[in-house]
Amino acid sequence: MSQVKLQESIVTSSRPAAAGQSAANASKKARQSRKGFYASGLYASRATSGVSSRKSGEEKGVWSKYPRLPNDQGGEDTPKPLLEDDKKVSYDTKETMESPLTEADLEADVDIEISETDTIWLLDIKPKLVNPETDGDLAELIKQRNEAYKALLADKVGNDKYVAREMNTLEATKMTKPCQTDEIGRSEFGNTASGWDMFDSFQAQLEKEKADRFEKKTDEELAKEAEQQQGDDPLEDNRRPLEPTSKSPAFVGRQSTTPSVLDSEFGTVRESVAMTAEEQAQLDAILTSPKLKQTLFIIERAVVQNNSQNLLATYRHLPIIELDKTGDSEAEASQALLVRQKSGASLSPHLAYLWRYSCPAVKGQAVTCMVWNKQNKDILAVSYGKHEYEPEMKNGLVCCWSVKNIQQPERVFRTKSGVTALSWSTQFSYLLAAGLFDGHVLIFDVRTGSQEPVFDSYLSPGRHFGPVRQLEWVRKEAGKHEETQEVLVSASSDGRVIQWSIRKGFEFKELMKLKRVTTVLPGPSQKQKQQKADALISRQASGSSMAFNPNDKNVYLVGTEDGNLHKCSCSYNEQYLESYFGHSSPVYSVKWSPFLTDVFISCAADWTINLWQADRTRPVTTMGSSTKSINSLSWSPKSSCIFACVNDGQLEVWNMAHSTLDPIITEPTDEDTGRYTHVLFSDNSDSLLVGDAQGNVQVFKLENMPSAPKNQAEALDRVIQLALKTELNASQTA
Amino acid sequence: AEVEETFKRILAHKGVVGVIIVNFDGIPIRSSFADSSLTVQYCALIQQLAHKSRSAIRDLDPGNDLTFLRIRSKKNEIMVAPDKDYLLVVVQEPCDQP
């Protein structure tokens, strides 16, 4: 091992030339010896060549690197580094390599030899040798001195003269040496986790735990769930709080970078870059998802409501807001409404036309029945078909309209033949029963909107053979072991009243067979009398209307095509409880009063409306104003003395407290609306709906109506008493 | 098909200026605007606004979520129905006739 003595390399400033030479010699020697050696530190195998190419410190002019300290003698006093440059380990491997590293080199095995470093001599004072023969005096002197020194050393121990004392060495002058490393790469990352981010991730975790806890699940189901979760994952990126994706809430609104070319007025967006199959599938998934349908549905409602803001406000008894209009068109209807609202025009009750429910699908079909949903008073079911027989049977329709969308029906159900009766269930507010002209009874579930009825009576042996004229859902008091269930009762022209129950399948039970009863003159009512003079076609009467008593669910009224009304009970299926004679033609509609429990009203094709009391077989009073058959009538839900009826030519609103001779409002029909076929009051608004033979349902608002009497029952009672008195008087005087 | 039908119906309503369906990336899938730059502008701005309002609603109560957003301005009304994977935007001008 070569020992390069430091003192050799320390060159005194006074003799640079000689020193340089000796240093050069030394370094040459060192170089030669070093070729086979690895110096201190670790060198890659390639580095040896680098070492050999190294020059010595002086030749390179190494001193220029350090701050120079020239002393006053003109020489250099710059402090030398501890290690020569040759010895230093270079961390900058680029300098040591002659050729750049290739991939292969990185893979190649590297031999590393670790060897002992060179010894660094810090102080080396050579002993001076004196020959006693040549320099005898000097030798004597030195011997004496050596002896004296020995004695001194011996004396030193324990001698008071000598005290151990510490000394501080002078502090060496320090010099800062700057060095530079490669720049440390820095990158900043930040993300915000909002409160709901955390909430979402916790929810997801909880659900996952719940799912894992279910042991009953098979592996298949678990795998399906995992798939679903994975499928959700790209969309769930929004919610993960710690993922630094561009979809996280902190990085929102990233602009689309691909330019897109749009198609025609209503077209797909064609990307200039062709979309991958995956992206296309994703798009399709969005476009066909049921959620999009639902959203479009709601938006359509919003759009229509925007347009018909004023009309709806009137319907709901809200004040009409006058908007600043930038367009020119102003609807006459809303303008008229505004004017009326402001001026409070005429004082007499009248109707204001609001809107009409009409769509191309129902054009040309007559409205046969209209019913409000029992739970949601904004939903109206309208049935379309024919009342009379026609040689070519058209298909029938049932549409569910809503106040919220006056342009488009929200549900449309098509049936094989015209629909003649409708009723909403109370227990299940989404079940709609429809009675058809061919005698069938269908029950639809409007939640799904599917065209298939939930129940139908096609296969039932008890189905009707004639058009179903009236349907009603009745809540039955149950036996001890049954819960109150709702049954559907249908009355039809074939003379039977049938009760259908939906608990198990579609069961039927015949409630009543309508038998013909001859019209009896005033006197004790008789039952089941055959008149020999008449040749009867059938002993059965055909029912044309029905109404259940709202207070007593066992009792119901049936109107027949003979003109007779019968009170029946569910408990008896052979006999009538009571018969009412007053009409001479088919009774189209019979309705109990919502305020007085034993008063009902009926209308018939004989141009009259009769008011009855349950215990009188003759009508209390008869009303009529035109020579047309009256097709339908409806009690006002707000006022006990007001009802509306429609005949072929006009709509009439009667107020019995005011007059039983004339209606208070008449609204004639025009050519394009055709004859009116059905009328219905609205429960939650002062409005009236009228259906006509062309398929339109018009909505009118009642204005300036007399306010409802404080005691409704009493008011109606008074009317009845008055009517009876006048009748008595009339009969007495006659 | 039903989606297409409803789409066309909405466009046919009075006052409707345009309808856009945007996916969650901000790329318009369907648009009825002839001007593509307008579509892209609407997409970007409305999406930001919808995200912001959804943030606000959920910060107030994490159990809540935004279902519908309506912006009424002097000249028209923008209705936004946000969803997890898409955004439906309808622009309508006011007019009284239904």
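First things first, this report covers the structure right here in the doc. (Residues numbered from 1 in each chain as written. Chains lettered and ligands numbered in written order. Predicted model: local features only at pLDDT ≥ 70, side-chain atom pairs only at ≥ 80, totals over all residues. Heavy atoms only, no water.)

What about the overall build of chain B?
Which entries qualify depends on this criterion: By definition, any uninterrupted DSSP run of H or I lasting at least four residues is a helix, any uninterrupted run of E lasting at least two residues is a strand, and each is numbered from the N terminus. A 1.4 Å probe rolled over the protein chains alone gives each residue an accessible area, and that area as a share of the maximum for its type sets the label: buried under 20%, exposed over 50%, partly exposed in between. Throughout, a residue-residue contact means that at least one pair of heavy atoms, one from each residue, lies within 4.5 Å. For the area figures, the Shrake-Rupley method with a 1.4 Å probe applies, and any residue is considered shielded solely by the protein chains shown.
Each helix and strand in chain B was counted, giving two helices and five strands. In chain B, the succession of helices and strands from N to C terminus is α-β-β-α-β-β-β. Buried residues in chain B amount to 53% of all 98 residues. Long-range contacts, defined as pairs at least 24 residues apart, comprise 34% of the intrachain contacts of chain B with a sequence gap of at least 6. Surface exposure of chain B reaches about 4500 Å², of which carbon and sulfur atoms provide 52%.

Some words on helix α10 (residues 277-288) of chain A
Every α-helix winds through 3.6 residues per turn, so residues three or four apart in the chain are directed the same way. Applicable threshold: Expected span of a helix, by definition, is 1.5 Å for each gap between consecutive residues, and there is one gap fewer than residues. Think of it as the arc spanned by the lines of direction from the helix axis to the C-beta atoms.
Its 12 residues place the ends of α10 of chain A 16 Å apart at the C-alpha level, agreeing with the 16 Å of an ideal helix rising 1.5 Å per residue. Residues of α10 of chain A that are buried include every one of Leu283, Ile286 and Leu287 of chain A, and no others. Viewed along the axis of α10 of chain A, the buried residues span an arc of 95°, placing them on a single side of the element. Residues of α10 of chain A that are exposed and point more than 90 degrees away from the buried face comprise Ala277, Glu278 and Thr288 of chain A. Looking at the buried residues of α10 of chain A, the elements they touch are α11 (290-307) of chain A together with α1 (2-12), β1 (16-23), β2 (28-31) and β5 (86-92) of chain B.

Considering the nonpolar core
Soluble globular proteins tend to pack their nonpolar side chains together in the buried interior. Residue and element names in this part refer to chain A. This is how the line gets drawn: As used in this record, nonpolar core signifies buried Ala, Val, Leu, Ile, Met, Phe, Trp, Tyr and Cys residues forming a set joined through side-chain atoms within 4.5 Å.
Trp355, Tyr357 and Leu380 are the most contacted members of the largest nonpolar core, which totals 24 residues. Listing elements by their share of this core, those giving two or more residues are α12 (309-315), β3 (350-357), β4 (366-372), β5 (379-385), β6 (396-402) and β30 (697-703). When sequence neighbours within four positions are dropped, the list of residues in contact with Tyr357 reads Leu380, Trp401, Ser402, Val403, Asn405, Ile406, Gly695, Asn696, Val697 and Val699. The next biggest cluster of nonpolar side chains, apart from the first, holds 22 residues, and it includes Trp635, Cys641, Ile720 and Ala723.

Remarks on the sheet that holds strand β16 (residues 543-548) of chain A
Residues and elements named next belong to chain A. For clarity, the threshold we go by: One bridge is not enough; two strands pair if DSSP finds at least two bridges between them. Between N-to-C directions, angles cover 0 to 180 degrees, with each direction set by a line fitted to C-alpha atoms, over the stretch in contact for helices.
Spatially, β16-β17-β18-β19 is the arrangement adopted by the four strands of the open sheet, whose pairing is antiparallel. A single partner strand is all that each edge strand has here, and the edge strands are β16 and β19 (578-580). For this sheet, the mean angle separating the axes of adjacent strands, direction not counted, is 25°. As defined by bridge partners, β16 adjoins strand β17 (residues 555-560) across five bridges and the pair is classed as antiparallel. Across the sheet, the residue bridging to Gly543 is Thr560, located in β17.

Quick look at the packing of helix α8 (residues 195-213) of chain A against helix α2 (residues 36-60) of chain B
Rules: The scheme is simple: roughly parallel for angles under 35 degrees, roughly antiparallel for over 145, roughly perpendicular for 65 to 115, oblique for anything else. Only Asp, Glu, Lys and Arg are considered charged in this grouping, and only Ala, Val, Leu, Ile, Met, Phe, Trp, Tyr, Cys and Pro are considered nonpolar; every other residue, Gly among them, is considered polar.
At their nearest, the axes of α8 of chain A and α2 of chain B sit 8 Å apart, and the two run at 70° to each other. Put simply, α8 of chain A runs roughly perpendicular to α2 of chain B. Counted together, Gly195, Trp196, Phe199 and Asp200 of chain A of α8 of chain A and Ser55, Arg58 and Asp59 of chain B of α2 of chain B form the full contact between these two elements. When its residues are assigned to classes, the contact of α8 of chain A with α2 of chain B shows two nonpolar, two polar and three charged.

Observations regarding the sheet that holds strand β27 (residues 665-668) of chain A
Residue and element names in this part refer to chain A. Within the open sheet, the four strands sit side by side as β24-β25-β26-β27. Their pairing is antiparallel. The sheet terminates laterally at β24 (630-635) and β27, the two strands that pair on one side only. Geometrically, the sheet is characterised by an average inter-axis angle of 15° between neighbouring strands, direction not taken into account. Relative to strand β25 (residues 642-647), β24 runs antiparallel, the two being bridged by five bridges.

So, the pattern of salt bridges
All names here are of chain B. The condition that has to hold: Salt bridge criterion: a side-chain nitrogen from Lys or Arg within 4 Å of a carboxyl oxygen from Asp or Glu.
Overall, the coordinates contain 16 salt bridges over all chains when judged by the stated rule. Linking Arg30 and Glu4 is a salt bridge whose minimum nitrogen-to-oxygen distance equals 3.0 Å. Of the two residues, Arg30 is situated in strand β2 and Glu4 in helix α1; the sequence distance between them amounts to 26 residues. Salt-bridge contacts for Arg9 lead to Glu5; the nearest nitrogen and oxygen are separated by 3.6 Å. A residue pair is termed a helical-turn pair when its members lie 3 or 4 positions apart in one helix, as Arg9 and Glu5 do in helix α1 at four residues. Exposure remark for Glu5: the relative accessible area of 49% places this residue in the partly exposed category.

Brief notes about the environment of Gly449 of chain A
Residues and elements named next belong to chain A. Note on placement: Gly449 falls in the loop between β10 (441-445) and β11 (455-456). For Gly449, a relative accessible area of 25% corresponds to the partly exposed category. C-alpha separation for the pair Gly449 and Arg411, spaced 38 residues apart in sequence, amounts to 6.0 Å.

Some remarks on the packing of aromatic side chains
Residues and elements named next belong to chain A. What counts here: Working definition: rings of Phe, Tyr and Trp (its six-membered ring) pair if their centres are within 6.5 Å, and the pair is stacked with planes under 30 degrees apart, edge-to-face with planes over 60 apart, and tilted otherwise. Whether a charge sits over a ring comes down to the Lys NZ or Arg CZ being within 6 Å of the ring centre and within 35 degrees of the ring normal.
Summed over the entire model, instances satisfying the criterion amount to 14 aromatic pairs over all chains. Ring centres of Tyr353 and Phe700 lie 5.8 Å apart, and the angle between their planes is 65°; on these two criteria the pair is classed as edge-to-face. In this pair, Tyr353 is assigned in strand β3 and Phe700 in strand β30, connecting sequence segments 347 residues apart. Since its relative accessible area comes to 2%, Phe700 is described here as buried. Ring plane angle 85° and centroid distance 6.0 Å describe the contact between Trp355 and Tyr357, whose orientation is recorded as edge-to-face. Each member of the pair Trp355 and Tyr357 is classed as buried. Over the ring of Tyr430 we find Arg447; its NZ or CZ atom is 3.6 Å from the centre of that ring.

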